[in-house]
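Structural overview
The chain contents come next:
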Amino acid sequence: MEGPLSSVSRTPLDPRVRLFGIRHHGPGSSKSLLAAFADWQPQLVLIEGAAEATPLVDWVTNDEAIPPIAILHYAVDHPSWALYYPLAEFSPEFQAMKWAKGANADVQFIDLPATQRLAIRARETVQADVMSLLAEAAGFDDVEDWWEALVERRDDPSTIFEGLIELMTEARELDPTTESIEELADEEDPRPKYSHRHIEEMREASMRKSIRAALQTGHDRIAVV
């Protein structure tokens, strides 16, 4: 999972669930993730991605599908409204799916459905980036350089995922958004507008719902990537 508000839950997780915070296309994240999977052997892998992508897992992990590849969601009436999920060989999400296939573990995408994300994106506002604030506080001018030093070049991955959960939980306190959805609307266009925080809260609610559903399936080890 990647994003400024990716702790998914404000309360302790069920012991059957473990969160694995990663960076898209991060080789270091993939290395740490595969090491953790090899040790814990999850039976179900839940991935932060539009829920409609779940039926495509078999296609993505097919031996004839050679990365780089991408999953694309778009609005038929407005093709420019689109969500892309590019996957390279070293992408953690791709490696998680490949590992699950080899281990006979189930895979599901659990993010807010693309049908809702695309509608919301058309009403999204621009705001400060919380990750940039964290990078600046750590003495970095660039978010990518900060994450590279924090995660991707880490020699010992054994505690990185627990640390990332704590970091992203604290990041909530740095989010500058305070306006409600109603306050972001204006007289000329009274339709709802959504800040990044509002969107993250909706995504997290959807993922919490998916995790709760997964806990009813009888799996004892559920990984959330």
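The rules behind the values
- Residues numbered from 1 in each chain as written.
- Predicted model: local features only at pLDDT ≥ 70, side-chain atom pairs only at ≥ 80, totals over all residues.
- Heavy atoms only, no water.
- Helix = DSSP H or I, 4+ residues; strand = E, 2+ residues; numbered from the N terminus.
- Contact = heavy atoms within 4.5 Å.
- Pairing = 2+ DSSP bridges.
- Axes fitted to C-alpha atoms, helices over the stretch in contact; angles between N-to-C directions.
- Phe/Tyr/Trp six-rings, centres within 6.5 Å; stacked < 30°, edge-to-face > 60°.
- Buried < 20%, exposed > 50% of the residue type's maximum accessible area, 1.4 Å probe, protein only.

Quick look at the environment of Leu33 now. Along the chain, Leu33 turns up in helix H1 (residues 27-40). Residues Leu33 and Gly21 lie 12 residues apart in sequence; the distance between their C-alpha atoms is 8.8 Å. For Leu33, the contacting residues outside a window of four places in its chain are Phe20, Pro92, Ala96, Phe161 and Val225.

On the basis of which strands lie adjacent, the open sheet formed by 4 strands has the order E1-E6-E2-E5 and parallel pairing. Edge positions in the sheet fall to strand E1 (17-19) and strand E5 (106-111), since each has one partner strand and no second. For this sheet, the mean inter-axis angle between neighbouring strands, taken without regard to orientation, is 30°. Strand direction decides the pairing type here: strand E2 (residues 44-50) and E5, joined by 5 bridges, are parallel. Among the inter-strand pairings, Ala50 is bridged to a residue of E5, identified as Asp111. Against the sheet, H1 contacts E1, E2 and strand E6 (222-224), and its axis sits at roughly 170° relative to E6. Along the sheet face, helix H3 (residues 92-102) touches E2 and E5 and points at about 145° away from the line of E2.

A few words now on the packing of aromatic side chains. Taken as a whole and judged by the stated rule, the model has 3 aromatic pairs. For the pair Phe20 and Phe37, a centre-to-centre distance of 5.5 Å together with 85° between the ring planes defines the contact as edge-to-face. Taken together, the residues span a long stretch of sequence, with Phe20 in the loop between E1 and H1 and Phe37 in helix H1 at a distance of 17 residues. Here Phe20 and Trp40 contribute two aromatic rings whose centre-to-centre distance is 6.4 Å and whose plane-to-plane angle is 50°, an arrangement assigned as tilted. Separated by 20 residues along the polypeptide, Phe20 in the loop between E1 and H1 and Trp40 in helix H1 bring together distant segments of the chain. Note on Phe20: relative accessible area 5%, which makes it buried. Joined through ring pairs, the aromatic side chains of Phe20, Phe37, Trp40 and Trp99 make up one cluster.

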